[in-house]
Amino acid sequence: MPIETLPLIDHHCHGISPAQLDWKQFQALFSESYRPPPPGTNEFQKPLGLAIRSFCAPLLDLEPHVSGEAYVEKRLALGAAEVNRRLMRTSHLDCLIVDTGHRSSAIHSFEETGALAGRPAHEVVRIEAIIEEVAATGVSAENFARAFADRLAERSAGAVGLKSIVAYRCTFAIPQSAPAPAEIVKAVGAWMKASQAAGKFRIGDPTVIRHGLWVGAEICRAKKLPLQLHVGFGDPDIYMHACDPTHFTDFIAAMEKWQVPITLLHNWPFLKEAQWLSEVFENVYYDAGVILNYGAAESENILREALQIGKFQKFLFSTDAFGLSELYYLGAFLFRRAFQRILDSWIRDGFCSAKDADEIAALVARTNARRIYQGV
Ligand SMILES: [Zn+2]
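Here the residue numbering is sequential within each chain, running from 1 through the sequence in written order. In view of the model being predicted, local features appear only for residues whose pLDDT reaches at least 70, and side-chain atom pairs are presented and counted only at 80 or more, with totals across whole chains, interfaces and linings using the full set of residues. The basis for every side-chain value is the complete set of heavy atoms in the structure, and neither hydrogens nor water enter the calculation.

Water is absent from the atoms considered, so a metal site may look incomplete; donors are defined as N, O and S atoms within 2.8 Å of the metal, or 3.2 Å for Na, K and Ca. Protein-derived coordination of the zinc ion comes from H12 (NE2), H14 (NE2) and D320 (OD), at a distance range of 2.0 to 2.1 Å. For the zinc ion, the donor residues sit on a single chain with the sequence spacing H-x1-H-x305-D. Like H12, the residue H14 is buried in the burial classification. Exposure categories follow from relative accessible area, calculated using a 1.4 Å probe and restricted to protein chains: below 20% of the type maximum is buried, above 50% is exposed, and the middle band is partly exposed.

Shown next as C-alpha cells:
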C-alpha cells in the first residue's frame, strides 16, 4: 500500500484549540517563540506559513497561496469547529497518542481531539505536570514523595505512556541517578517555598524532576509503558546545546536494563545523535515530529537526514501538533509526501524493492508504535 494512503499512528501530539482564533492568536500557535515577529512582518513569512497558505487553504475552499490575512478571515468565517473537523478528517490518522500535560485547559481533551479526527485517542501523562499539580495541593515537603507517587500511579492507570520534559526544564546535562529521600525533601521544600512566594508552581529543580523521572520509570517498568523524552526544538525556554540526548546516555542505559522503551521526541537539531542512540540501545526509538512542519518545503531533506542511518524498526511518526488542526494535517501530509519520495528514490537507485519499501512504510506508520504502546 503506498504511504499516501497508509493510516498513521501519531505517537506524539497535543490537543486542538476549540477557539475562534484571530490574526494574532492564530500566528502565536505556529510560532515557537514568545516574542512577536519584527514590526511590519508576520509568521506567515516562513516555510510553515507558506505550507499553510498552499496546502491547507484548499481545504477551507480557498485558492492555494491565498494571503495569510484571507486565510485567517476564512477560518473565522467557517468557524473553528468546522475547520478542525475538515483538517483532522483529511489527515487520515490511524490513532492519536496525546500528551495532555501542556496548557490542557486551553485545548480540547484528548478524547475530543480524537473525535474530531474520527479516530481513537490515547493519553500520555506528563510527569512534570503531575509534580506541579501535587505541589499546588499544599502537601508538605515530607509528604510530597508519597502523594506524588500515588497521584502519578492513579493518573497513569489508563495511559499508554509517560513523558518527561526534563530537557526543557533543566537540560539533559544533569546527574542521572535517583536522588536520596533526604535530598528530595530538601529540594521539594525549597522549590515549594519559592513557588508559593511567586504564586506559581513551575518545576525546574533538577533534583525534583530526577525524582519524578525515576518514579515514572518504575511505573513504566511495571506496566510495560514507554517513556517519552522531549529533545531539542519545541520550547523557547531551553538551553539548546545541553538538550543533546547523548548527555542522557546513563539514564537511557539504565532504562534498557529495565526494558523500558525510550522514545526521543522531535530531536532537531540532534537527529544524528538520536539515530546513534537508536542504533546502539535496544530500547531507543525516535521521531522527527514538529520539524517537518517547520521545514515544510525542505521536509524531504529533513526526513532524509532523520533516516541517514536510522533503523526502520526504531523510527516513529509524529506531528507534535499543538492547538492548530493545520499542524496535524500538514504533519501527516508533509511526512507522507517526503517519505514516499525518499522510498521511490531508493527503489529507483536499486537500494530496495517495492516490497521492501512497503515493509519499511508499514513499520514506521504503525507497527513500531504498536510494538511499544500497548493497546493502540
Ligand atoms: Zn510536543
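This paragraph deals with helix 9 (residues 181-198). Compared with an ideal rise of 1.5 Å per residue, which puts 18 residues at 26 Å, helix 9 spans 26 Å between its outermost C-alpha atoms and is within 8% of the ideal. Turning to helix 9, its buried residues number three or more, namely I184, A187, V188, W191, M192 and S195. Axial view of helix 9: buried residues confined to an arc of 130°, hence all on one face. Turned more than 90 degrees from where helix 9 packs its buried face, A182, K186, K193 and A197 sit exposed. Helix and strand definitions here come from DSSP, where helices need a minimum of 4 consecutive H or I residues and strands a minimum of 2 consecutive E residues; each element is numbered from the N-terminal end. Positive backbone phi, at 70°, marks G199, one or two positions downstream of helix 9. Given the number of residues in a helix, its expected span is that number minus one, multiplied by 1.5 Å. Note: the arc covers the axis-to-C-beta directions of the helix.

What follows concerns unusual backbone geometry. The residue after W268, namely P269, is reached through a cis peptide bond having omega 5°. If you trace the backbone, P269 turns up in the loop between strand 6 (262-266) and helix 12 (271-280). Of note in the backbone geometry, H65 takes a positive phi value of approximately 75° without being a glycine. In this fold, H65 is placed in the loop between helix 2 (47-56) and helix 3 (68-78). One non-glycine residue, Q259, lies in the positive phi region at around 60°. Take Q259: it is sitting in the loop between helix 11 (249-257) and strand 6.

The next thing to look at is the sheet that holds strand 1 (residues 8-13). Two strands qualify as a pair provided DSSP detects at least 2 bridges between them. Read from one edge of the open sheet, eight strands run 1-2-3-4-5-6-7-8, paired in parallel fashion. The strands lining the two open edges of the sheet, one partner per strand, are strand 1 and strand 8 (315-316). Across three bridges, strand 6 lies against strand 7 (residues 284-287) in parallel orientation. Among the inter-strand pairings, T263 is bridged to a residue of strand 7, identified as Y285. We call two residues in contact whenever any of their non-hydrogen atoms come within 4.5 Å of each other. Axes here mean lines fitted to C-alpha atoms, for a helix over just the part in contact, with angles spanning 0 to 180 degrees between N-to-C directions. The strands that helix 10 (residues 206-223) touches are strand 4 (161-164) and strand 5 (227-231); relative to strand 4, the one it contacts most, it runs at about 160°.

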